[in-house]
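Read off the chains here:
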Amino acid sequence: MGKCPDCGEFGTLLEEHEGSRAGVDRSFGAGDQPTAITEVNADVEERVVTGLLEFDRVLGGGIIPGSVILIGGEPGIGKSTLLLQVGGMLASDGHRVLYVSGEESAKQTKLRGERLGIDSESLLIYPETCLEEIMEKAEYLKPPIMMVDSVQTVFSQELDATPGTVSQLREVTSRLINLAKGLDITVFLVGHVTKEGILAGPKLLEHMVDTVLYFEGEGTLSFRILRAAKNRFGSTNEIGVFEMRGEGLRDVNNPSELFLAERPLDVSGSVVVAPMEGTRPLLLELQALVTSSNLANPRRMATGLDTSRVSLLVAILEKKLGLNLQNEDIFLNVAGGTRIEEPAADLGVATAIASSFKDQPVDPHTVVIGEVGLAGEVRAVPHMEARLKEARKLGFKRCIIP
């Protein structure tokens, strides 16, 4: 069959030969007997702190020994830089780190390490893509931390499929997980993402590992955002903000100040909102542009916001406030390339649209916070005190709240 009967696309089917499945014979839990939950030792292992504060924040306070962490991101966003920098900091603290480079030679990795200021004999560079060779070296060295960059380049000799295919990814990841759990090694995996922004290959990689981190950012901007899509040992709501410099990544301790650094004053359509990212409030600028449309179906475009939520708020503005937006193109953007998932920005989105439509600027010293319901009511949001404290710290004079 050339065409997939489910998705209707051509060239998406992969042939896999039947036969005994390659890999380890026993999983990391094989041979254990069923145990009463009251008798299971649930002592929390001490986390290993990397020294990169924002990285540790996203992980939940540090690395759990024996965990498997998958880092995804677009090409060139800085995944290898982040991983090598973390490896260098761990090595400088006395932890032996095995860095498996499947995309670069040892010399290329060394050159990047020199740029990052890494100089530690505890960081071992191993350019290899054969899984069996990697497993042999890891079992011999037993490093506390191993990094594989990237998992798409690694292949098992026991499979005929090419590297990066479904069967190879599944086999490689499964055996590395068993290695991590069996020898109590923390394994970092680098994964590429597709044009749609999801990890290349099957989504099963996300289900297999303990933690999934996405490294995001605009290529033209200097800062990067690290967010957790899955974390068995911590929250998935925290984000880490970094600034990309020539000497590597630097923690951004006050991201609100960074995101508002280039905000224009006294311009219509610009509103400051205060969404929560985990336990930390962020002040972000929302920008709206409302202009007359000559199209039969006016455009509704949103960058960094849920488009369907924006359409809902536009309908509420038309119904409850009488704003005639049917024939208007509406464009929304969260300045800085970040994304807002929380409904606490609803009132800010509505205010920005109304401000641009009426061409009336919002007071630049005002922060707008609140969720908007279908009846047009403004609903309360949690963590209000933390949001107000952040706004006060950055010099804002007034907050519009529920």
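Before any of the text, the structure's been laid out above.
Rules used throughout
- Residues numbered from 1 in each chain as written.
- Predicted model: local features only at pLDDT ≥ 70, side-chain atom pairs only at ≥ 80, totals over all residues.
- Heavy atoms only, no water.
- Helix = DSSP H or I, 4+ residues; strand = E, 2+ residues; numbered from the N terminus.
- Buried < 20%, exposed > 50% of the residue type's maximum accessible area, 1.4 Å probe, protein only.
- Contact = heavy atoms within 4.5 Å.
- Areas by Shrake-Rupley, 256 points an atom, 1.4 Å probe, with all protein chains shown as cover.
- Axes fitted to C-alpha atoms, helices over the stretch in contact; angles between N-to-C directions.
- Parallel < 35°, antiparallel > 145°, perpendicular 65-115°, else oblique.
- Nonpolar A, V, L, I, M, F, W, Y, C, P; charged D, E, K, R; others polar.
- Pairing = 2+ DSSP bridges.
- Phe/Tyr/Trp six-rings, centres within 6.5 Å; stacked < 30°, edge-to-face > 60°.
- Core = buried A, V, L, I, M, F, W, Y, C linked by side-chain atoms within 4.5 Å.

The helix and strand inventory of the protein stands at ten helices and 19 strands. Viewed in the frame of its principal axes, the protein has a C-alpha envelope of about 70 × 55 × 50 Å. Counting over 402 residues, the protein shows a buried share of 48%. In the protein, of all internal contacts separated by at least 6 residues, the share reaching a separation of at least 24 is 68%. Looking at the protein as shown, the accessible area adds up to about 20,200 Å², and 50% of this sits on carbon and sulfur atoms.

In this structure, lysine 393 sits in helix α10 (residues 384–393). In sequence terms lysine 393 and asparagine 231 are 162 residues apart; their C-alpha atoms lie 31 Å from each other.

Turning to the packing of helix α2 (residues 79–92) against helix α3 (residues 106–115), a few remarks are in order. Put simply, α2 and α3 touch, their axes get as near as 10 Å, and they point 70° apart. On the basis of the axis angle, α2 is roughly perpendicular to α3. Contacts between α2 and α3 involve Ser80, Thr81 and Leu84 from the former and Thr109, Arg112, Gly113 and Arg115 from the latter. In the contact of α2 with α3, the residues fall into one nonpolar, four polar and two charged.

Read across the open sheet, the nine strands follow the order β3-β2-β4-β5-β1-β6-β7-β8-β9; overall the sheet is mixed. At either end of the open sheet lies a strand with only one pairing partner, and these are β3 (123–127) and β9 (248–251). When the angles between neighbouring strand axes are averaged without regard to direction, this sheet yields 25°. Docked against the sheet, helix α5 (residues 166–183) engages β1 (68–73), β4 (145–149) and β5 (186–192), running at close to 160° with respect to β5.

Here the focus is the packing of aromatic side chains. Inspection of every chain in the model, using the stated rule, returns three aromatic pairs. Between phenylalanine 55 and phenylalanine 188, the aromatic rings sit 6.2 Å apart at their centres with planes inclined by 35°, giving tilted as the arrangement. Of this pair, phenylalanine 55 sits in helix α1 (residues 53–59) while phenylalanine 188 sits in strand β5; the two residues are 133 residues apart in sequence, bridging distant segments of the chain. Judged by its relative accessible area of 0%, phenylalanine 188 is buried. Judged by centre distance (5.1 Å) and plane angle (70°), the ring pair of phenylalanine 223 and phenylalanine 259 falls under edge-to-face. Linking phenylalanine 223 in strand β7 (residues 223–231) with phenylalanine 259 in helix α7 (residues 255–259), this pair joins segments that are 36 residues apart in sequence. Exposure class is identical for phenylalanine 223 and phenylalanine 259. Each is buried.

Considering soluble globular proteins, one finds that nonpolar side chains tend to be buried as a cluster. If you look at the biggest cluster of nonpolar residues, it comprises 36 residues, and the most contacted ones within it are Leu305, Leu325, Leu332, Ile340 and Ile353. The set of elements that each furnish at least two residues to this core consists of β7, β8 (239–245), β10 (270–273), β13 (284–292), α8 (307–321), β15 (328–334) and α9 (346–358). Residue contributions to this core peak at six residues, all from α9. Apart from the residues within four sequence positions on either side, isoleucine 353 is in contact with Ala288, Val290, Val314, Leu317, Leu325, Ile330 and Leu332. Core analysis: the next-biggest nonpolar cluster, separate from the first, contains 30 residues, Leu52, Ala91, Val190 and Phe242 among them.

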